[in-house]
Amino acid sequence: MKKLAVFLVFFPLYAMAKDDCATMHNVPETPMSLQDVLNLGLCRNPQTAAAYASLQSSKYTKNASYSNYLPSISAHGGADRLHTQHDAWAYNASLSASYLIFDFGKRESDFAQTLATYRAAGFDYDETIQNYVYSVIGAYYSLLNADADVKSATSALTVAQTAKNTADKKFKAGAVAKADVYKADTTLASSQLSLERAKNNREIAKGTLLNKLSFPANQDIKIQDMPATFGSDAEMENLEELISVAQKKRPDLLKANARTSAAWHKRNAAFLKNLPSISVTGTAGINADSMGGLFEHMSGRVNGRIGVSVSMPIFAGFANMYNARSAGADYENAKYTEQSVKNNAMMDVFTAYQNYKTAKTVLNQSETLLKSATESERVTSGMYKVGRATMLDWQTAQSELVDAQKQNNSAKYDLFVKRAAVALAIGDIKSGLKEEYDEK
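What counts and how
Position labels on residues start from 1 in each chain and follow its written sequence. This being a predicted model, a pLDDT of at least 70 is required before a residue's local features are given, and a value of 80 or more before pairs of side-chain atoms are given or counted; all residues contribute to the totals for chains, interfaces and linings. Side-chain metrics rest on all non-hydrogen atoms present in the structure, leaving aside hydrogens and water. A helix here means a DSSP run of H or I that spans at least four residues, while a strand means a run of E at least two residues long, and both kinds are numbered starting from the N terminus. Think of it in three bands: residues with accessible area under 20% of the maximum for their type are buried, residues over 50% are exposed, and the middle band is partly exposed, with areas taken using a 1.4 Å probe on protein chains only. Only heavy atoms matter for contacts: two residues are in contact if any of them lie within 4.5 Å across the pair. Areas reported as accessible are Shrake-Rupley estimates using a 1.4 Å probe. Residue values count occlusion only from the protein chains shown. Residues enter a nonpolar core if they are buried and are Ala, Val, Leu, Ile, Met, Phe, Trp, Tyr or Cys, with the set joined through side-chain atoms within 4.5 Å. For every residue, the predictor assigns a confidence score, pLDDT, that lies between 0 and 100. A carboxyl oxygen of Asp or Glu within 4 Å of a side-chain nitrogen of Lys or Arg is what we treat as a salt bridge.

## Structural notes on the overall build of the chain
- A tally of helices and strands in the chain yields 11 helices and 4 strands.
- Counting the 440 residues in the chain, one finds 40% classified as buried.
- Contacts in the chain between residues at least 24 apart in sequence constitute 80% of all its contacts with a sequence separation of at least 6.
- For the chain, the exposed area adds up to about 24,000 Å²; of that, 55% sits on carbon and sulfur atoms.

## Re the nonpolar core
- Val37, Tyr141, Leu209, Leu213, Ile221 and Ile223 are the most contacted members of the largest nonpolar core, which totals 40 residues.
- The set of elements that each furnish at least two residues to this core consists of helix H3 (34–44), helix H4 (46–64), helix H5 (106–172), helix H6 (178–212) and helix H10 (391–425).
- Among the elements that make up this core, the one with the highest residue count is H5 (15 residues).
- Discounting residues that sit within four places of it in the chain, leucine 209 has contacts with Val37, Val136, Ala139, Tyr140, Leu143, Ile221 and Ile223.
- Leu239, Val349, Ala359 and Leu363 belong to the second-largest nonpolar core, a separate cluster that totals 19 residues.

## Here's the deal with the confidence of the model for the chain
- Confidence in the prediction for the chain averages 85 pLDDT; 86% of positions are at 70 or higher.
- Under a pLDDT of 50 for its full length, residues 230–234 has, in the predicted model, 13 contacts with residues more than four places off or in other chains.
- With pLDDT under 50 throughout, residues 434–440 is counted as low confidence; its partners more than four residues away or in other chains account for 14 contacts.

## A short note on the pattern of salt bridges
- In this structure the tally under the stated criterion is 17 salt bridges.
- Two residues, lysine 412 and aspartate 225, come together in a salt bridge whose shortest N-O distance is 3.5 Å. One end of the pair, lysine 412, is in helix H10; the other, aspartate 225, is in the loop between H6 and helix H7 (239–249), with 187 residues separating them in the sequence.
- The exposure class assigned to lysine 412 is partly exposed, which follows from its relative accessible area of 27%.
- As a salt-bridge pair, lysine 335 and glutamate 332 come within 3.4 Å of each other at their nearest N and O atoms. Of this pair, lysine 335 and glutamate 332 both sit in helix H9 (residues 319–385), 3 residues apart, which is roughly one turn of that helix.
- By relative accessible area, which is 33% here, lysine 335 ends up partly exposed.
- A network of salt bridges, in which partner residues are shared, links Asp124, Glu127 and Lys255.

Right under this line is the structure:
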């Protein structure tokens, strides 16, 4: 329940508080960090708010089950017309109480079932929060990646324009053929098209993030880039440690376990329902021939009783038998479901771990590729200007540089997402984010 407690503190501060963020119509104009974006999203997101309301409903259901441990008291009053020669009215009032003493543990099983169901709802809420946080992280870095691609495309357009100007000058000087000018025009047009596509992708990425924050997609949002230290080798534990953490913290595993526990107690309660229960009962009443007489000269009018009652179902049309069998089948289903969830969870951890390791390698390789492509473009452009390289050579170098920049952008921000995927896989995404904030 530790993870549940963390989010029970974390989320209501934003989702349930009467704060301006829940009713604002426009995105803040100042640049927002990932933490700012998450806080704003958690405040406004209807899915997480609905999950919290569902958790509250389960909590009140659990609290209601405490009533089985308390006596039940009821009051009754009535008036009867006596069909006699006087047609008189008779009035009565009574108070009755009952308290369950012993039922072979059925009351405890019922309470344990509602408690386990409440715990499952808590973990379901936790899972909803973590999935939402992960989706916002993905949208956040997608926007950063799209923005970086626009900058790379703008830089590529500048290089293509330089190549165009150089080709024009050399053609006028008679140093190159007209074909070089055509090739430079083609490259320039292609670069302009790539820039427009990059801008379009950025708008889509921006709209996706705004949608997750419950704002209109046509608004604008400014976000901050993240520190390069995030995603270092020191942050990654080995696979065995990650699996161990997942078994303790992953909410769907804990939820499945809680549901299995609830199913076990439900089966137990269904069996115990066929056993007798013992209660203490008591009744006190007053009878009178007038309303005022109920409270006057009470001596002789008050009656009451106290006793012990035993009840046991004998035959209910086989309902109890089939309910017990149904509860037993539900328990078997819950056990197999829990095992399936566990298998899937372990595979998620393994996959996320391998993807993160690969993402780190890809980032290192893309950085090496970018350095090489940048230097190659610089050298080739210089060689073309002095007549030692062709326009085709320069075009090839430009194309390789653009590809290297896009791959580096993608690898850089993909690493952030893959790191968050590991945290999500082990059910500890908020702690991973805390480490990230602490680095700032």
